[in-house]
Amino acid sequence: MSTERTPVVFIHGLWIHGSSWAPWMEVFEGAGYDPIAPGWPGDAATVEETRANPDAQAGKSFDDIVSHYQSIIEGLPTRPILVGHSFGGTVAEKLLGMNLATAAVAIDAAQIKGVLPVPIAALRSAFPGLKNPANLNRAVSLSADEFRYGFGNALTPEESDDLHERWAIPGPAKPLFEASVMNFVPHSPLKVDTKNEERGPLLLIMGGQDHTVPEAITKATLKQYRHSSATTDIEEFSDRGHSLTIDHGWPEIASLSLKWLKEQGL
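Residues numbered from 1 in each chain as written. Predicted model: local features only at pLDDT ≥ 70, side-chain atom pairs only at ≥ 80, totals over all residues. Heavy atoms only, no water.

Draft legend 1. Inspection of the side chain of His-12 at higher detail. Counting through the fold element by element, His-12 comes out in the loop between β1 (7–11) and α1 (22–30). Take His-12: its relative accessible area is 3%, and that puts it in the buried class. Separated by 2.7 Å, the side chain of His-12 and the backbone oxygen of Ile-16 make a polar contact. Excluding its chain neighbours within four sequence positions, the residues that come into contact with His-12 are His-17, Gly-18, Trp-21, Pro-38, Gly-39, Trp-40, Asp-43, Tyr-69, His-85 and Gly-88. (Helix = DSSP H or I, 4+ residues; strand = E, 2+ residues; numbered from the N terminus. Buried < 20%, exposed > 50% of the residue type's maximum accessible area, 1.4 Å probe, protein only. Polar contact = N/O pair within 3.5 Å; in protein donor to acceptor, adjacent residues only side chain to side chain. Contact = heavy atoms within 4.5 Å.)

Draft legend 2. Just the packing of helix α3 (residues 62–74) against helix α4 (residues 87–97), in detail. For the pair α3 and α4, the least separation of the axes is 10 Å and the interaxial angle reads 60°. If you check the angle between α3 and α4, you find them oblique. In terms of crossing hand, the pair formed by α3 and α4 is right-handed. Contact residues: α3 offers Phe-62, Ile-65, Val-66, Tyr-69, Gln-70 and Ile-73, while α4 offers Phe-87, Thr-90, Val-91, Lys-94 and Leu-95. Looking at the contact of α3 with α4 residue by residue, the class counts come to eight nonpolar, two polar and one charged. (Axes fitted to C-alpha atoms, helices over the stretch in contact; angles between N-to-C directions. Parallel < 35°, antiparallel > 145°, perpendicular 65-115°, else oblique. Left-handed = near helix turned anticlockwise from the far one by under 90°. Nonpolar A, V, L, I, M, F, W, Y, C, P; charged D, E, K, R; others polar.)

Draft legend 3. Here's a closer look at unusual backbone geometry. One non-glycine residue, Ser-86, lies in the positive phi region at around 60°. Tracing the chain through its elements places Ser-86 in the loop between β3 (81–85) and α4. Non-glycine residue Asp-108 carries a positive phi angle of around 45°. Looking at the secondary structure, you find Asp-108 in the loop between β4 (103–107) and α5 (120–130).

Below, the structure is given as structure tokens:
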């Protein structure tokens, strides 16, 4: 019997460092998986180093991020499970549609092409990046107040500020601009093969209080997959915001993800 562990690739979203996945990796490793959490192209090894050199991420596009993770996946011994948050969830959906993963968990994933609802809260959350057209090729950081609106609105101000201090990093604004025009661009990089019948199972998780990716976006994303017979499930945590992978309630999200993977035979 093979004892090879299934790889799991954790993919962080915009404005959060990949090291924030450390508690998840410990839980997944304990459950028998082989987890890694590589950062986006341009990310440094630590939060502090990444903050010190924001230009390293400047101008990185959604395709750059997808290609970066594709090259990592192609270096693994077997196709991995993907767990992504926010734009990382969108990257996971894209790679799953390319048959590069056995399954994906997309948590509060950003919009894919075809998703039309753009609630006011989502626009306000993206505003720090989109407010200046010159940001297209820059890296942008969130203030503590901006983080509290986009990520920590379901938390106490103290917990939100603590998470901002611990994990917030500058991020490329280009994917935000690409997402803002994706439904008007025929070959948008945010187009996902939602009709793929051969892909692995997908779990969409949404936070009911999320400002950055309101539940209307996740529900509309689910509809994009209606033409595929491949498994697409959805779960809602009605009292959670966009910080649900890093705040005090993260174990509940991780536990559900593991339970779902087990149900898929993975």
